[in-house]
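# Notes for the structure review
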Amino acid sequence: MRQFTVKVPCTSSNIGPGFDVVGLSLSLYLTLKVTIDSNQSNKSPILSYTGQGADEAPLDAYQNLTTRCALYVLRCAGISSFPVGISIKVHNEVPFGRGLGSSGAAVIAGILLGDALGNLKLSKERLLDHALMIERHPDNVTAALIGGFVGSYLLDLSPEDTTAKAVPLSEVLPEYPPDAGEQWGKDPPAPPRGIGHFIRFGWAPEIKVIAIIPHFEVSTAKARSALPDSYSKQDLVFNLQRLAVLTTALARSPPDVGLIFQAMQDRVHQPYRKHLIPGLPTILASVTPSSHPGLLGICLSGAGPTILALATENEQAIAKTITEEFKKESIECSIEYLHVTTEGAQVTEE
Ligand SMILES: Nc1ncnc2c1ncn2[C@@H]1O[C@H](COP(=O)(O)OP(=O)(O)O)[C@@H](O)[C@H]1O
Ligand SMILES: N[C@@H](CCOP(=O)(O)O)C(=O)O
């Protein structure tokens, strides 16, 4: 009997100007408890699921994002099936479709699961290569894997690697097992090497994180399709200037609100997503360090609709005002007071 646990933090990406670049790992977790019992004869993993998304997440291992990612890693390594007698108990604290990286966490959990099941011992960089074939922006998956406040970029790929990366996700992630007596088709192409590069920034211990989570979903795909294909030089420079300052400003103790609040402004994604999140422009414009002493900055978390506020104090009052603004739009919210997790995703053998 083998038992191990995979634990992956949720993430908030962008932090204002860092669209598709920065991510922050936070203290809500997706946890898998995996058992492989050689006395059992089941060939497909037996999945159970509690917590966020329990009414939506498929329990068929060939449909579930996490187990599909695990199978992808195994098949890239030439292993065509899950081990016999495997069961997986999933517990999820990360709400779906709220901008807190639930899909990134599910992808990383699956990649680590595949690595552990195949005893592959892939490096962090190689694990990330696999994750980037599935979640094709690096910010969430990198922060979930590495932990902390992380910046990342993708390499331009060779023409050959570009072809491998262009393989449709339906081929990378098999949705159905082969029929009895049949073999899988061609194995998926192994991901190109060294696609993603990252660095961890500091995070001042005084900075607390408040997530105001509206009770509706915005799919990341839809929020990405709302963005334009090109930007003005002025808007790009606006974001670059702020991001350059922000990554160091958030590491400095004591935090300088005069730097951080302005450095969390964005012109690349939030303005184009406001129609998806009623109340967003009012919230971003009206919750300020003058109205709420202790507030350092405020932004959309990932693709939204969650609002992320960074503060040194006064967290309850900040959360209350944002909740009330959403209420004016007839939107209920949950509030989470979170901390930045320094550890990224973990696999623990029992
Ligand atoms: N733990 C999980 N298990 C299975 N599927 C998941 C899990 N977490 C997220 N997903 C899938 O990812 C979708 C949400 O992804 P996405 O739109 O990118 O939003 P988010 O901002 O939460 O990452 C869910 O609707 C679900 O299909
Ligand atoms: N940079 C991405 C981040 C999406 O994060 P999610 O948590 O909403 O999945 C984007 O802004 O589209």
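Keep in mind that this is a model prediction, so the values were computed, not measured.

## Digging into the domain arrangement of the chain
When its domains are assigned, the chain resolves into domain 1 (2-198) and domain 2 (203-338). One C-alpha centre belongs to domain 1, the other to domain 2; they are set 28 Å apart. Taken together, the contacts link 25 residues of domain 1 with 31 residues of domain 2. Elements with a contribution of two residues or more to the side of domain 1 that touches domain 2: strand E1 (2-14), strand E2 (18-36) and strand E5 (149-154). A breakdown of the residues in the side of domain 1 that touches domain 2 according to their chemical character gives 11 nonpolar, 13 polar and one charged.

## Quick notes on the site of ligand 2
Around ligand 2, a shell composed of 17 residues is seen, among which Ser13, Gly99, Thr220, Gly302 and Ala303 lie nearest. Among the elements of the structure, E1, E2, helix H4 (138-146) and helix H7 (220-225) are those that each provide at least two residues to the shell around ligand 2. Looking at the shell around ligand 2, the element that brings in the most residues is H7, giving three residues. Residues of the shell around ligand 2, tallied by class, amount to four nonpolar, 10 polar and three charged.

## As for helix H2 (residues 102-117)
Its 16 residues give H2 an end-to-end C-alpha distance of 22 Å, which sits within 8% of 22 Å, the value for a rise of 1.5 Å per residue. Where burial is concerned, most of H2 is hidden: 16 out of the 16 residues are buried. Once H2 ends, the next one or two residues include asparagine 119, with phi positive near 50°.

## Examining the site of ligand 1
Not every one of the 21 residues close to ligand 1 is listed here, only the nearest: Leu65, Ser102, Ser103, Ala106 and Thr220. With four residues, H2 is the largest single contributor of residues to the shell around ligand 1. Across the shell around ligand 1, the residue classes tally to seven nonpolar, 13 polar and one charged. Both domains that furnish three or more residues to the shell around ligand 1 are identified here as domain 1 (2-198) and domain 2 (203-338).

The rules behind each value
- Residues numbered from 1 in each chain as written.
- Chains lettered and ligands numbered in written order.
- Predicted model: local features only at pLDDT ≥ 70, side-chain atom pairs only at ≥ 80, totals over all residues.
- Domains from an automatic or database assignment.
- Contact = placed C-beta atoms within 7 Å.
- Helix = DSSP H or I, 4+ residues; strand = E, 2+ residues; numbered from the N terminus.
- Nonpolar A, V, L, I, M, F, W, Y, C, P; charged D, E, K, R; others polar.
- Near = placed C-beta within 6 Å.
- Expected span 1.5 Å × (residues − 1).
- Buried ≥ 20, exposed ≤ 12 C-beta atoms within 10 Å, placed from the backbone.

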